[in-house]
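# Structural overview for review
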Amino acid sequence: MSGILVYALHYDGAFNKNSLGAVSEGARLAGELGTECHAIVVGEGVSDDLAGQLGNYGATKVFRVNGPEGLAQPVVDAMAKVATDNGHDYLLFGGGLLGFEIGAGLAARLDAGVVMEVTEVEARDGKLVAKRPILKDSQVSDVHYRSKVGVIIGRLNAFEVKESGSAAAAVEDVDVEFQPHSLKATMVNRGEQRGGDVNIEDANVLVAGGRGLGKKEGFEQLEELARALGGAVAATRAVVDAGWFPYAGQIGQTGKTVAPKLYLAAGISGAIQHKVGMQSSENIVAINKDSNAPIFEFSDLGIVGDLNKIVPKLTEAVKAKKGS
Amino acid sequence: MAAPSEYPPPVDSAAEFIGPPTDPEDERIEVGVAIVGGGQAGLACAIRLLQLLEGDPELTEQLGEVPVAVVEKGKVAGAHQLSGAVMNPGPIRELFPDDDAWPSYGPVEGETVYFMLNGKRAVPLKPTPPPFRNHGNVVVSLAELNRWLAEKAEEAGAYLLTETAATKLLVEDGVVRGIRTGDKGRDKDGGEKSNFEPGSDVVAQATVLAEGCWGHLTGAALKGLGLAAQDPQVWALGVKEVWEVEQPFRKVVHTLGWPLRPGAKYKEFGGSWIYGMNREGDKPKVSIGFVVGLDHTDARLSVHDVLQEFKHHPLVRKILAGGKRVAWGAKAIPEGGYWAMPKLHAPGLVLCGDAGGMVNVPRLKGIHYAIRSGMLAAETIYGQLKAGSTDFSSYEEAVHDSEIGKDLWESRNMKQPFGRGLVVGGAITNAMVVTKGRFPGGHWATHRDADSPVTLSDRDKRYPKPDGKYTFDKLSGVFLTGNATRDDAPSHIRIEKRVPREVAEAWAWMCPAAVYEIPEDAPRSGQVDLIVNPSNCVQCGAITAKGGRLTPPEGGDGPMYQIT
């Protein structure tokens, strides 16, 4: 049979948002192609419960492989075997460095075409077409696959998480014989690459602060608002540079790329270097006292005013609404 | 009133950037000739040297495993290269007598010089003043030309060390012995990150400084090796955009006047260029740039914003109509001319191109001098190394005997008369070109750019608000250069951060890349504390002219110019 195989990365008993987005997208595409979306999980002691959860996002079957977690080469072996045995036409990844590495490995192993940084996938004439921004995101190119198998690697958080299925997926165990070189690398230590404890890439709500906060203490009110909204706090390069906020929370060209449901920008002018890190957010709300600030050109809601007055009132209002 | 030079940067370049090799002898990288800078001067030098060495296995052998190495701090050759490039093709044709495939946009088809009376009107100057005549010259993209030259140099056998900064000039017993490359992977405070790689001593039998308009080691050598000229070097800053347009534009246009002010007290010396870049199969492009001398006295003069203002002139609007900006960049230009040319050699060392101050200011030309001087340096180095000597003094004679020395002598008092304002200055310099420099004659002295006292004005009110389509802010330009410098690298900009407001504003407005910022709550007058954003820097060099000191960033950082 044919179909789409999606890699789902899990850690600490949960799938990351990016992977859930990829499974949701795989399910949507499989529906359009009239085929099935399968997922694959590699790890030690993955429970039926955890693997089966992917059914909620539209996976009809989950392949479970017992093997080292979070390393690329074992996953390449596992996916190569599963895809070959089951005849999957497309291998889909949510993105991230691990996805890039596995996808590249599979492309080499299976002689498959590979496209990375994909922001959209379309079913056209029974085949998938990957859309990929090029030339610094100024143009989008459509990429068609000529190879038997196509590898699609999404841009981080490009695919929306959608619960489409209702039942747990069937879990099928697969024995994979890992290549000797695949077991050479071992996980020594897991740490946040940029050293912080703020997980801004997975947050649905981000409250971001810029130099308009005036001083480091300005972040306290943002933290309070983020708590009220159930979100996290992020920052611009300028304030990270000034030492007001850790680098782990930096959004933009030289920081992280995020796409939360709500991005609230407080005291951020919105230079393009910042914009490229948050422009795919679903709703952008900006508070800035300068009505000429570029951020107002790409925000859904703009408030010209003093954030020191607006943010505390907003926090109160959110708390009041949630309390009721 | 304060002058930026009253607040010198915390640096002693001769002591800090010149010294003996420090790596143990068996760990040094040995090359024959070390060339600093993969621009047209350095690459022409490499290519010419390898042409000469091709017929000389004996000297090639003596130069070792790596006869010619080119050290380039950009990601690729040309990455930091920018010019309003209407090139005199003489020297490149001599360098490649059998190969005319170097990338160009064809010969100049026509030209006009306009005097811009104001934001609406312009009058053509007829006949075209002699310095602006471009017949026989060719439009190129310097970044593109450099990439091509780098390929040719590698084909000929040069080793190109890209993403490598030359941070120290190695000098032992009064002889230049090579350079030291920069460390990589340091954090903001200079500490070693997990990916730290120390630099290396690259020792050479001859060293060529072809660093371009602002030379890190050139600056140190001028001080430490006593190469400085009679006059200080002075600079202009050019900011450039490339546009894709609907209708090909076939002329070369230069303008004088508006938005600059003609009065002598402003010392606003400069103008613009506009020319088409048309190539079969490509969308037609237009290169547009504005250049202003950095000795101006208005703290709020921003060349980037002057260019945006300039684009509002109907003459310019017509050319750019319906177009789209595809590139942006900035670069300083040495404008000191003849009297500011340093001594071009020291034992084991030569200076080429812009590093040697070789720009013809009235003709706005320097690319062909860079290529010529690179070739001449190669010929001297070849001859002297063959004779077992590191005395390269005959190179300087060769430069002065070539068209470089001749042209620069004839235009020796070019920029100085503009101290009397545009109209008087323009008349004097036209007469100068016609009389081949006999008029005004003598030696008109210059002063350092940073010695000009600066004052606050309301000029900034004239700058158009960027609309993101036709006029742009500085940071969108920086973004377009492909600059994505690591934020936690040590700052490569040495500058005094506590300065009077007018000096801080002069730097903030001048810098085309928004490197310098003044905190919003800083006092309106008196001392302020400058914020420096070194990762925005596009390596234009203006700050070195105006009282700071640029050093090379970590190799590979900075812009990635493609068609500038």
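Residues numbered from 1 in each chain as written. Chains lettered and ligands numbered in written order. Predicted model: local features only at pLDDT ≥ 70, side-chain atom pairs only at ≥ 80, totals over all residues.

### A look at the overall build of chain B
Operational definition: Helix and strand labels come from DSSP, where a helix needs a run of H or I of at least four residues and a strand needs a run of E of at least two; each type is numbered from the N terminus. Radius of gyration here is computed from C-alpha atoms only, and the compact-globule reference equals 2.2 Å multiplied by the residue count raised to the power 0.38. Remark: C-beta atoms are placed from the backbone, and a residue is labelled buried if 20 or more other C-beta atoms sit within 10 Å of its own, exposed if 12 or fewer do, or partly exposed between those counts. Working definition of a contact: two residues with C-beta atoms, positioned from the backbone, lying within 7 Å.
Secondary structure summary: chain B contains 15 helices and 28 strands in total. In summary, chain B has a C-alpha radius of gyration of 22 Å against a globular reference of 24 Å for 564 residues, a match within 12%. By principal-axis analysis of the C-alpha atoms, chain B measures approximately 65 × 55 × 50 Å. Within chain B, buried positions represent 56% of all 564 residues. For chain B, the share of sequence-separated contacts (at least 6 apart) that also reach a separation of at least 24 residues comes to 79%.

### Some words on the overall build of chain A
A count of helical and extended segments in chain A gives eight helices and 17 strands. For a compact globule of 324 residues, the expected C-alpha radius of gyration is about 20 Å, and chain A comes in at 21 Å, within 12% of that figure. Here chain A holds 324 residues, and the buried ones make up 49% of them. Once local pairs closer than 6 in sequence are excluded, the contacts in chain A between residues at least 24 apart make up 66%.

### Some words on the interface of chain A and chain B
Reports often express the size of an interface as the amount of accessible area lost when the parts come together. The condition that has to hold: The classification used treats Ala, Val, Leu, Ile, Met, Phe, Trp, Tyr, Cys and Pro as nonpolar, Asp, Glu, Lys and Arg as charged, and all other residues, Gly among them, as polar.
On the side of chain B, 11 residues touch chain A, which itself brings 10 residues to the contact. Put simply, the parts of the chain that give the side of chain A that touches chain B at least two residues each are helix H6 (237-241) and helix H7 (272-278) of chain A. Broken down by class, the residue content of the side of chain A that touches chain B amounts to three nonpolar, four polar and three charged.

### As for the domain arrangement of chain A
Our working rule: Residue ranges assigned to each domain were obtained from an automatic or database domain assignment.
Assigned domains within chain A: domain 1 (4-183) and domain 2 (205-323). The gap between the C-alpha centroids of domain 1 of chain A and domain 2 of chain A is 33 Å.

### Points about the environment of Ala80 of chain A
Mapping Ala80 of chain A onto the fold places it in helix H3 (residues 72-86). Separated by 63 residues in the primary sequence, Ala80 of chain A and Lys17 of chain A place their C-alpha atoms 24 Å from one another.

### A look at the confidence of the model for chain B
Threshold: As a per-residue measure, pLDDT tells how confident the predictor is, with possible values from 0 to 100.
The pLDDT averaged across chain B works out to 94; a share of 98% of its residues lies at or above 70. As scored by the predictor, the complex reaches a pTM of 0.79 and an ipTM of 0.81.

### Considerations on the sheet that holds strand E16 (residues 235-244) of chain B
Residue and element names in this part refer to chain B. As a reminder of what qualifies: DSSP-based pairing: two strands are paired if at least 2 bridges between them are found. For helices, the fitted axis covers only the stretch in contact; all axes are lines through C-alpha atoms, and the angles between them, taken along N-to-C directions, range from 0 to 180 degrees.
Pairing is mixed in the open sheet, where seven strands are placed in the order E7-E6-E17-E18-E19-E16-E20. Looking at the sheet topology across the chains shown, the edges are occupied by strand E7 (122-124) and strand E20 (324-334). Each neighbouring strand pair of the sheet contributes to a mean axis angle of 20°, computed without reference to strand direction. Strand direction decides the pairing type here: strand E6 (residues 111-116) and E7, joined by three bridges, are antiparallel. By the bridge assignment, Tyr114 is partnered in E7 with Pro124. The sheet contacts of helix H7 (residues 303-310) involve E16, strand E18 (270-277) and strand E19 (285-293), and relative to E19 the element is tilted by about 130°.

### Brief notes about the sheet that holds strand E14 (residues 201-203) of chain B
Each strand in a sheet pairs with another by means of backbone hydrogen bonds, the pair being arranged parallel or else antiparallel. Residue and element names in this part refer to chain B. Strand order across the open sheet formed by five strands is E1-E10-E11-E14-E2, with mixed pairing between neighbours. Each end of this open sheet is capped by a strand with a single partner; those strands are strand E1 (18-19) and strand E2 (29-30). With two bridges connecting them, E1 and strand E10 (residues 166-172) associate as parallel partners. Among the inter-strand pairings, Gly19 is bridged to a residue of E10, identified as Leu170.

### Brief notes about the environment of Glu309 of chain B
All names here are of chain B. Examined against the element boundaries, Glu309 turns out to sit in helix H7. For Glu309, a count of 19 C-beta atoms within 10 Å puts it in the partly exposed group. Along the backbone, Glu309 and Glu520 are 211 residues apart, and their C-alpha atoms lie at a distance of 25 Å.

### Observations regarding the pairing of strand E6 (residues 90-93) of chain A
Residues and elements named next belong to chain A. Of the two faces of E6, the one lined by Tyr90 and Leu92 and the one lined by Leu91 and Phe93 are each fully buried. Where strand E1 (residues 4-7) meets E6, three bridges bridge the pair, whose relative direction is parallel. Among the inter-strand pairings, Leu5 is bridged to a residue of E6, identified as Leu91. Here E6 pairs with strand E11 (residues 150-154) via four bridges, running parallel.

### Let's talk about the domain arrangement of chain B
Residue and element names in this part refer to chain B. Split by domain assignment, chain B resolves into domain 1 (28-96 + 143-182 + 197-229 + 341-409) and domain 2 (111-139 + 233-337 + 451-550). Relative placement of domain 1 and domain 2: their C-alpha centres are 28 Å apart. Contacts between domain 1 and domain 2 engage 18 residues on the former and 26 residues on the latter. A per-class count over the side of domain 1 that touches domain 2 returns 11 nonpolar, five polar and two charged.

### Let's talk about helix H4 (residues 96-110) of chain A
All names here are of chain A. The condition that has to hold: In this analysis, the expected span of each helix is defined as 1.5 Å times one less than the number of residues it contains.
Between its first and last C-alpha atoms H4 spans 21 Å; for 15 residues at 1.5 Å apiece the expected length is 21 Å, and the two agree. Burial in H4 covers these residues: Gly99, Ile102, Gly103, Gly105, Leu106, Ala107 and Leu110. Buried residues belonging to H4 abut E1, H3, E6, strand E7 (113-118) and E11.

### A short note on helix H9 (residues 367-386) of chain B
Given a rise of 1.5 Å per residue, 20 residues ought to cover 28 Å, and the 29 Å separating the end C-alpha atoms of H9 of chain B matches this to within 8%. Within H9 of chain B, 17 of the 20 residues are buried, leaving the element largely enclosed by the surrounding structure.

### What about unusual backbone geometry?
Note that the residue after Lys126 of chain B, namely Pro127 of chain B, is joined by a cis bond; omega there is -5°. Mapped onto the fold, Pro127 of chain B is located in the loop between E7 and strand E8 (138-139). Here the amide bond leading from Trp258 of chain B into Pro259 of chain B is cis, since omega sits at 5°, within 30 degrees of zero. Among the structural elements, Pro259 of chain B can be located in the loop between strand E17 (252-257) and E18. Positive phi, close to 60°, is recorded for Asn157 of chain A, a residue that is not glycine. The buried category is assigned to Asn157 of chain A, around which 22 C-beta atoms lie within 10 Å. Located in the positive-phi region is Ala514 of chain B, a residue other than glycine, with phi close to 55°. Positionally, Ala514 of chain B belongs in the loop between helix H14 (501-510) and strand E25 (516-517).

### What about the packing of helix H2 (residues 40-54) of chain B against helix H5 (residues 142-156) of chain B?
Residues and elements named next belong to chain B. Our working definition: Any angle that falls under 35 degrees is termed roughly parallel, while one over 145 is termed roughly antiparallel, one within 65 to 115 roughly perpendicular, and all others oblique. Crossing handedness follows the turn of the near helix against the far one: under a right angle anticlockwise gives a left-handed crossing, and clockwise gives a right-handed one.
Relative to each other, H2 and H5 sit at 25°, their axes nearing to 9 Å. If you check the angle between H2 and H5, you find them roughly parallel. Crossing of H2 over H5 shows left-handed handedness. Facing Gln40, Leu43, Ala46, Ile47 and Leu50 of H2, the residues of H5 in contact are Leu145, Asn146, Leu149, Ala150, Lys152, Ala153 and Ala156. Along the lines of polarity and charge, the residues of the contact of H2 with H5 split into nine nonpolar, two polar and one charged.

### Considering the nonpolar core
This is how it is decided: Buried Ala, Val, Leu, Ile, Met, Phe, Trp, Tyr and Cys residues whose C-beta atoms connect them within 7 Å together make up a nonpolar core.
If you look at the biggest cluster of nonpolar residues, it comprises 172 residues, and the most contacted ones within it are Val33, Ile35, Cys45, Ala46, Val208, Leu237 and Cys352 of chain B. Ranked by residues supplied to this core, first place goes to H9 of chain B with 11 residues. Three or more residues apiece are contributed to this core by two domains, here domain 1 (28-96 + 143-182 + 197-229 + 341-409) and domain 2 (111-139 + 233-337 + 451-550) of chain B. If we ignore the near neighbours within four places in the chain, the residues touching Ile35 of chain B are Gly42, Cys45, Ala46, Val68, Ala69, Val70, Val71, Val208 and Ala210 of chain B. The next biggest cluster of nonpolar side chains, apart from the first, holds 56 residues, and it includes Ile40, Phe63, Met79 and Tyr90 of chain A.

### Looking at the environment of Gly215 of chain B
Looking at where Gly215 of chain B falls in the secondary structure, it is placed in the loop between strand E15 (206-209) and helix H6 (216-224). Here the alpha-carbon distance between Gly215 of chain B and Val252 of chain B, two residues 37 residues apart in the chain, equals 30 Å.

### Things to note about the packing of H9 of chain B against helix H10 (residues 393-401) of chain B
All names here are of chain B. Across the interface, H9 lies against H10 with an axial gap of 9 Å and an inter-helix angle of 145°. Viewed along their axes, H9 and H10 form a crossing whose handedness is right-handed. Residues Ser373, Leu376, Ala377 and Thr380 of H9 form the contact with H10, whose own contacting residues are Ser394, Tyr395, Ala398 and Val399. The class makeup of the residues in the contact of H9 with H10 is five nonpolar, three polar and no charged.

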